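Reading the structure
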Amino acid sequence: MRRRAVHRVTELDLVLPLEAYARAFPRRSGAFLLDGAGGPEAAGLARTALFGGEPVLSFRASRTGERTSDGRVRARVQVGDVDVVVDDPLPLLRDLFAERTVEALEDVPLPLRAGAVGYVGYEAGQMLERLPCRERPRLHLPDIAFAFHDWVLGRCARTGRAWLSVVGRGETDAEASRRADATTKRLEEMLRRCAADAPRGAASSPPSPTLRTPAQIAELAAALGVRAGLSRAGYLEAVRKAKRHIEEGDAFEICLTNALEVPFAGDPFALWRDLRRANPSPFAAWLDFPEAAVVSSSPERFLSLGPGGVAESRPIKGTRPRGHDEAEDDQLARELAASEKDRAENTMIVDLVRNDLGRVCRFGSVEVTELCAIERYPSVHQMVSTVRGRLDEGKDAIDLLRACFPPGSMTGAPKIEAMSLLEALEPVERGVYSGALGFFDVSGTLDLSVVIRTAVVQGGRACFSVGGAVVADSSPEGEHDETLVKARALLEAIARVRGEASL
């Protein structure tokens, strides 16, 4: 028999930022922070900060060495004490969502009331499509990892209003109601204690942006002891190989990336705080999972699904650094807007996203509502497009994920062909990077970012990747410079947290 669920919402007068309350929970226990308060206002995103701890259930799926009859890689799935090998992990994830759906939700302006928070790593695509699966160095994290939460603390950046959303579960409505009330009371007391114990004093101001040339960023990387999967010469040669594949008609665009590893024995949460202050973004995230901490400052929405069944993707293709002064900054933004190469890259991915959404959306509903817009972030200018569609009858969030994963902006086009080529071009697995990170709400909605500008902190190191789209007229040197520009924010944050801000 399905357990009963009762939803409680309490508006709170929070005196501290949400990150302050994260300190009350044990590290590596599954807590999360999703902070959408950064980034340009014009993006029209939720601008809501969300925090949760005390997960009630975990879902992990990892590839095995076995293949299904149609050539996909089989998955080992762990849910609590259950450990099974299956041909496809997503139906099991769908079953968990169905069991935990809450049909009667109180009205609250939070995109996440309760639900699953986590990531789908890039190589999870090998469990969904027939793709190569070469043996390469990896971080040995689950390919899919979600923690299920029955309460969420949220705050709106625009209004400052905050709410505690709690779902109580039980065999009867009365039992579910008692549990919801008890959890609400316990958490309110915890929030009051955190506020009383918090040190007083003015909040520190964000670090001033350091605008560096690609050569200066390379010097910073060397000073920090960065190890790269591909050296500069190796990356240039990989770009040349990708261009030859394009010239031979194997693909139109190939999104080549490079894995970086930096010694880091510090606090991942301190790294997240520093990165968020210096490089605010609409999809900043901190996942404190038992296997590793994930620190993200992504500007890119992979997929959202709203209450009315409207799906949205906002692919980013096209990057320029920020300028040293207003005139140079404006000139770089205009240069990006006028770049035929960047517009071609962006448009190719938009066509791919339209095709992906068209697999699960109503015929004629998929449209491009914004094409090649320029958005400004603290460290870069980005070219962003928006594609929307209305989900078809009988389709759900899992169908949407399956149809669109992995993000086309991180593969190239055609997607499967590009991914197959990338398996040979990149010597290290991508892992969490290039996948999707975010939440599935108990109502059936979702919001997932593209995992870029993201570090995985594990075993005394911070691992992250950078890359760009290779097309027929790409310059190998220009592509390598773009990876350095994208690495700058994370490298500088690591330097500051390591106490080497003078580098």
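Below you will find a few notes about this structure. (Residues numbered from 1 in each chain as written. Predicted model: local features only at pLDDT ≥ 70, side-chain atom pairs only at ≥ 80, totals over all residues. Heavy atoms only, no water.)

In this structure, Arg 76 sits in strand β5 (residues 73-79). On the basis of relative accessibility, which here comes to 39%, the residue Arg 76 falls in the partly exposed class. Between the C-alpha atoms of Arg 76 and Ala 145, which are 69 residues apart in sequence, the distance is 12 Å. Discounting chain neighbours no more than four positions away, the residues touching Arg 76 are Arg 60, Ala 61, Ser 62, Thr 64, Asp 83, Val 84 and Val 85. At a separation of 2.9 Å, a polar atom in the side chain of Arg 76 contacts the side chain of Asp 83. (Helix = DSSP H or I, 4+ residues; strand = E, 2+ residues; numbered from the N terminus. Buried < 20%, exposed > 50% of the residue type's maximum accessible area, 1.4 Å probe, protein only. Contact = heavy atoms within 4.5 Å. Polar contact = N/O pair within 3.5 Å; in protein donor to acceptor, adjacent residues only side chain to side chain.)

Turning to the packing of helix α6 (residues 232-247) against helix α12 (residues 476-497), a few remarks are in order. It is at 9 Å that the axes of α6 and α12 come closest, and there the two elements cross at 125°. Here α12 runs oblique to α6, going by the angle between their axes. Here α6 runs over α12; the crossing is right-handed. Here Arg 232, Tyr 235, Leu 236, Val 239 and Arg 240 of α6 lie close against α12, whose contacting residues are Pro 476, Glu 477, Glu 479, His 480 and Thr 483. Per-class residue counts for the contact of α6 with α12 are four nonpolar, two polar and four charged. (Axes fitted to C-alpha atoms, helices over the stretch in contact; angles between N-to-C directions. Parallel < 35°, antiparallel > 145°, perpendicular 65-115°, else oblique. Left-handed = near helix turned anticlockwise from the far one by under 90°. Nonpolar A, V, L, I, M, F, W, Y, C, P; charged D, E, K, R; others polar.)

Summed over all chains, the structure comprises 49 salt bridges. Here Asp 87 makes a salt bridge to Arg 74, at a shortest N to O gap of 2.7 Å. Of this pair, Asp 87 sits in the loop between β6 (82-86) and α2 (90-100) while Arg 74 sits in strand β5, and the two are 13 residues apart along the sequence. With relative accessibility at 37%, the residue Asp 87 sits in the partly exposed group. Put simply, Arg 320 and Glu 335 hold a salt bridge, and the shortest N to O gap is 2.7 Å. Note that Arg 320 is positioned in strand β17 (residues 316-321) and Glu 335 in helix α8 (residues 326-338), a separation of 15 residues in sequence. The exposure class of Arg 320 is buried, given its relative accessible area of 15%. (Salt bridge = Lys/Arg side-chain N within 4 Å of Asp/Glu carboxyl O.)

Where helix α7 (residues 268-278) meets α12, the axes come as close as 9 Å, and the angle between the chain directions of the two elements is 125°. On the basis of their axis angle, the class for α7 and α12 is oblique. For the pair α7 and α12, the crossing hand works out as right-handed. The residues of α12 that touch α7, namely those facing Ala 270, Leu 271, Asp 274, Leu 275 and Ala 278, are Ala 489, Leu 490, Ala 493, Ile 494, Arg 496 and Val 497. Along the lines of polarity and charge, the residues of the contact of α7 with α12 split into nine nonpolar, no polar and two charged.

Next up on the list: the nonpolar core. Formed by 51 residues in total, the largest nonpolar core has its most connected members in Phe 51, Leu 153, Phe 464 and Leu 491. The element contributing the most residues to this core is α12, with eight residues. Excluding its chain neighbours within four sequence positions, the residues that come into contact with Phe 51 are Leu 18, Tyr 21, Ala 22, Phe 25, Ala 31, Phe 32, Leu 33, Trp 151, Val 152 and Leu 153. Core analysis: the second largest hydrophobic core is formed by 45 residues, Phe 97, Ile 398, Phe 405 and Val 450 among them. (Core = buried A, V, L, I, M, F, W, Y, C linked by side-chain atoms within 4.5 Å.)

On to the side chain of Ser 434, then. By the element assignment, Ser 434 lies in the loop between α11 (415-425) and β21 (436-441). Accessibility expressed as a relative area gives 0% for Ser 434, which makes it buried. A polar contact of 3.0 Å, which involves the side chain of Ser 434, links it to the side chain of Arg 430. When residues no more than four places from it in sequence are discounted, the contact partners of Ser 434 are Tyr 122, Pro 406, Pro 407, Met 410 and Val 451.

Inspection of every chain in the model, using the stated rule, returns ten aromatic pairs. Both rings, one in Phe 51 and one in Trp 151, keep their centres 6.0 Å apart while their planes meet at 65°; by these two values the pair is edge-to-face. With Phe 51 in strand β3 (residues 48-52) and Trp 151 in strand β9 (residues 151-156), this pair connects stretches of sequence that are 100 residues apart. With respect to class, Phe 51 is no different from Trp 151; both count as buried. Summarising the aromatic geometry, the rings of Phe 302 and Phe 405 are spaced 6.3 Å apart at their centres and angled 70° between planes, so their arrangement reads as edge-to-face. Of this pair, Phe 302 sits in strand β15 (residues 301-305) while Phe 405 sits in the loop between α10 (397-404) and β20 (412-413), and the two are 103 residues apart along the sequence. Side by side, Phe 302 and Phe 405 carry an identical accessibility label, which is buried. Connected via pairs of aromatic rings, a cluster forms that spans Phe 97, Phe 146, Phe 148 and Phe 440. Against the face of Phe 289 rests Arg 60, its NZ or CZ located 4.9 Å from the ring centre. Sitting over the ring of Tyr 122, Arg 430 keeps its end group 4.4 Å from the ring centre. (Phe/Tyr/Trp six-rings, centres within 6.5 Å; stacked < 30°, edge-to-face > 60°. Lys NZ or Arg CZ within 6 Å of the ring centre and 35° of its normal.)

Summarising burial for strand β13 (residues 283-288): six of the six residues are buried, a large majority. Every second residue of β13 is oriented toward a common face, with Phe 283, Ala 285 and Leu 287 on one face and Ala 284, Trp 286 and Asp 288 on the other, all of them buried. Pairing analysis gives five bridges linking strand β2 (residues 31-35) to β13, with the strands arranged antiparallel. Pairing of Asp 35 across the sheet is with Ala 284, part of β13. Bridge analysis of β13 against strand β14 (residues 293-298) gives six bridges, and the strand direction is antiparallel. Within β14, the residue paired with Ala 285 across the bridge is Ser 296. Hairpin remark: β13 followed by β14, antiparallel, with four residues in the connecting loop. (Pairing = 2+ DSSP bridges.)

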